[in-house]
Amino acid sequence: MKIDSHHHLWTLSRGDYGWMSPALGPIYRDFEPADLEPHLQAAGIDKTIIVQAADTVAETEFMLATADATDWIAGVVGWVDMESETAIQDLERLAASPLLKGIRPMIQEIADPDWVLLPSLDRVFDALVDMGLRFDALVLPMHLPQLLSRLETHPDLACVINHGAKPKLSTGDLETWRQNITRIAENTGSFCKLSGLVTEAGEGYTIDTIRPAADHILATFKPERVMFGSDWPVLNLAGTYSDWVGMVEDLTCPLSEAARASIFGDTAASFYGI
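These numbers come from a predicted model, not from an experiment.

Parameters at a glance
Residues numbered from 1 in each chain as written. Predicted model: local features only at pLDDT ≥ 70, side-chain atom pairs only at ≥ 80, totals over all residues. Heavy atoms only, no water. Phe/Tyr/Trp six-rings, centres within 6.5 Å; stacked < 30°, edge-to-face > 60°. Helix = DSSP H or I, 4+ residues; strand = E, 2+ residues; numbered from the N terminus. Buried < 20%, exposed > 50% of the residue type's maximum accessible area, 1.4 Å probe, protein only. Lys NZ or Arg CZ within 6 Å of the ring centre and 35° of its normal. Pairing = 2+ DSSP bridges. Axes fitted to C-alpha atoms, helices over the stretch in contact; angles between N-to-C directions. Expected span 1.5 Å × (residues − 1). Bend = angle between axes of the 7 residues up to and from the residue. Arc of directions from axis to C-beta. Contact = heavy atoms within 4.5 Å. Core = buried A, V, L, I, M, F, W, Y, C linked by side-chain atoms within 4.5 Å. Polar contact = N/O pair within 3.5 Å; in protein donor to acceptor, adjacent residues only side chain to side chain.

Participant: Hey, could you run me through the packing of aromatic side chains in this one?
Facilitator: For any pair of aromatic rings, the description rests on two quantities: the centre-to-centre distance and the angle between the ring planes. Scanning all chains against the criterion turns up eight aromatic pairs. When the ring of Phe31 is compared with that of Trp232, the centres are 5.2 Å apart and the planes differ by 80 degrees; the resulting orientation is edge-to-face. Taken together, the positions of Phe31 in the loop between β1 (3–7) and α1 (33–43) and Trp232 in the loop between β8 (226–228) and α8 (241–251) put the pair 201 residues apart, joining distant regions of the chain. Residue Trp232 is classed as buried on the basis of its relative accessible area, which comes to 2%. Taken together, the ring pairs connect Trp10, Tyr17, Trp19, Phe31 and Trp232 into an aromatic cluster. Above the ring of Phe264, the side-chain terminus of Lys2 is found at 5.2 Å from the ring centroid.

Given below as structure tokens:
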């Protein structure tokens, strides 16, 4: 089973995509399951995970309804306000649907770089563990030390780092990122998505621009903790679905058939309980 562990769908008229603007050109429009399905078929993708793109519970409810009506969407990574007094009740209500697999706060957009360490969040992380829900970490390189500290206090938290923590591929400034990614891979049981790298690579990128980060992710987390994700349609800002699939196939070509099967499906199936 081949799985795309990370994509979005949105309807602009919903009005809760605060980061969206006409300046984003090719992705400033509605994206529905029918827009993604031909790409999945061409790539032989069987199932997907849809991930939040708005910091509202309403969007999570929209995704759950979309997933319920779409047989190839196997799970939803939603959002709740983790600082709210009702955060746990919101989780419990949303988790009444077996399609809810976890949540993703938009850490990269939060002004406080230490937000993930707030003591007030402890009870919500405890609830995620108790409920068997996952934590998608949308972080930048500067957040990795704080994420490591959170994972050390919650070692049973099922966590996957999105987009490899967005290494600075456009500048090639990767050394600190390498060190901190290595610490997380070696000292926690977290996973990592091989996704979102082309939008960090800058104009005129090639596979050799991507390779240093991809190789490091594969070397540190190992294939059994790495999962393919497209980040479509954000991907459209820098490439196409088929090009990214082909690039990941090329990057993982030296690996065994079993390792490639892990990256393209088995890891995500295990992590998200598909």
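Participant: Explanation requested: the sheet that holds strand β3 (residues 73–78) in the structure shown.
Facilitator: Sheet strands pair via backbone hydrogen bonds, and the direction of the pair is either parallel or antiparallel. The sheet built from eight strands is open, its strands ordered β1-β2-β3-β4-β5-β6-β7-β8 with parallel pairing. Each having just a single partner strand, β1 and β8 make up the two edges of the open sheet. For this sheet the average axis-to-axis angle between neighbouring strands, irrespective of direction, equals 25 degrees. Sheet analysis places strand β2 (residues 47–51) next to β3, joined by four bridges and oriented parallel. Opposite Ile50, over in β3, you have Val76 as the bridge partner.

Participant: Just to check I follow, could you spell out helix α9 (residues 257–272) for this structure?
Facilitator: Every α-helix winds through 3.6 residues per turn, so residues three or four apart in the chain are directed the same way. For α9, built from 16 residues, the straight-helix expectation of 22 Å at 1.5 Å per residue is met to within 8% by its first-to-last C-alpha distance of 22 Å. Along α9, the sharpest kink reaches roughly 60 degrees, centred on Ile263. Of the positions making up α9, those classed as buried are Ala259, Ser262, Ile263, Phe264, Gly265, Thr267, Ala268, Ala269, Phe271 and Tyr272. Trailing α9 by a residue or two, Gly273 shows a phi angle of about 65 degrees, which is positive.

Participant: Got a minute to help me understand α8 in this structure?
Facilitator: Within the sequence span of α8, burial applies to Tyr241, Trp244, Val245, Met247, Val248 and Leu251. Projected onto a plane normal to the axis of α8, the buried residues spread over an arc of 160 degrees and lie on a single side. When the buried face of α8 is taken as reference, the exposed residues oriented beyond 90 degrees from it are Ser242 and Asp250. Here the buried face of α8 lies against β1, α1, β7 (191–194), α7 (207–221), β8 and α9.

Participant: Any chance you could explain the nonpolar core here in plain terms?
Facilitator: Across soluble globular proteins, you tend to see nonpolar side chains buried next to one another. Ranked by internal contacts, the top residues of the largest apolar core, which has 78 residues, are Phe135, Leu147, Ile161, Ile210 and Tyr241. Those residues within four positions of Ile161 in sequence are excluded, and the remaining contacts are Ala137, Val139, Leu144, Leu147, Ile181, Ile184, Phe191, Cys192, Lys193 and Phe221. If you look at the next biggest cluster of nonpolar residues, it comprises eleven residues, including Ile49, Val51, Val77 and Phe191.

Participant: In this structure, what is going on with the side chain of His216? I would like to understand it.
Facilitator: Take His216: it is sitting in helix α7. A polar contact is formed between the side chain of His216 and the side chain of Thr182, at a distance of 2.9 Å. Apart from residues lying up to four places away in sequence, His216 is in contact with Trp177, Arg178, Ile181 and Thr182.

Function cannot be read off these values alone, since they describe shape.
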